[in-house]
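Coordinate analysis (summary)
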Amino acid sequence: MDVRIEESWKNHLLQEFEKPYFGKLTDFVRHEYATKTIYPPAKLIFNAFDSCPFDKVKVVIVGQDPYHEPGQAHGLCFSVNEGIQIPPSLINIYKEIEDDLGITEPRSGNLTRWAEQGVLLLNATLTVQAHRAGSHQGKGWEEFTDAVIKHLSEECEHLVFMLWGAYAQRKGETIDTNRHLTLKSPHPSPLSAHRGFFGNKHFSKTNDYLAAHNIAPINW
């Protein structure tokens, strides 16, 4: 199956695209886009991969679902388009960065600048129906993104995986912790951030780990 995704990812995931589940997923997603309002725009489904080639990945942040309101989702987890109000979870991420590293909270919620430095902003599910959170869960995306994490774990060295909340931590169960750093904390959502997301120091810990392995740190 010819999937429009960045070339290095295509080479690593070629076998995945030929599996029966991916064919069913593709049929489902095409039908959804043809008959309903789906986010992100179809051309941005694989934006996380297109913005961060396989061999450039340094950090993986695992989200769950794309945002499901107009204009928000553009294929990068936790990120929103320019000019869109910054969502509560991202506000809390920015607060932790400011507390951890002293970096003033930016005005934009667009995290493309992170992706271009090697941060894979990976949602477990890559599409969603408008106004219906979780509507595309259980259709095959999770199997695909599990395979993405497995490829990264097995074929790369010294990555940092940020796993915020129980869902992301379950997604990360296959990561080889002898080869990579996994950072776990509660989710940055307003419902849970005060239970341990604030004060987790994940951003300085990430940069310290990268620097210790002679990898350029991320400018958060």
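Below or above, wherever it landed, is the structure these notes cover.

In the structure shown here, the tally under the stated rule is two cavities of 30 Å³ or more. What lines the largest cavity is P40, I45, P66, G75, L76, N123 and L126. The calculated volume of the second largest cavity comes to roughly 30 Å³. What lines the second largest cavity is simply D65, P66, Y67, A73, H74, G75, L76, C77, F78, S79 and N123.

For the peptide bond that leads from Y39 to P40, omega is -5 degrees, which places it in the cis range. Examined against the element boundaries, P40 turns out to sit in the loop between β1 (38-39) and α3 (47-50). Positive phi values are uncommon outside glycine, yet H131 reaches one of about 65 degrees. Here H131 is to be found in the loop between β4 (128-129) and α6 (141-155). Unusually for a residue other than glycine, H158 sits at a positive phi of about 60 degrees. For H158, the location among the structural elements is in the loop between α6 and β5 (160-164). Assessed through its relative accessible area of 27%, H158 is described here as partly exposed.

Turning next to the pattern of salt bridges. Applying the stated rule across the entire model yields seven salt bridges. The closest approach of N and O atoms between R179 and E157, which form a salt bridge, is 3.0 Å. With R179 in the loop between α7 (166-171) and β6 (181-185) and E157 in the loop between α6 and β5, the pair connects residues that are 22 residues apart, well separated along the chain.

Reading the values: the criteria
Residues numbered from 1 in each chain as written. Predicted model: local features only at pLDDT ≥ 70, side-chain atom pairs only at ≥ 80, totals over all residues. Heavy atoms only, no water. 1 Å grid on protein atoms, 1.4 Å probe; cavity = no way out; pocket = protein on both sides within 12 Å on 5 of 7 lines; lining within 4 Å. Points joined across faces, edges and corners; volume = space filled by probe spheres on them. Helix = DSSP H or I, 4+ residues; strand = E, 2+ residues; numbered from the N terminus. Buried < 20%, exposed > 50% of the residue type's maximum accessible area, 1.4 Å probe, protein only. Salt bridge = Lys/Arg side-chain N within 4 Å of Asp/Glu carboxyl O.

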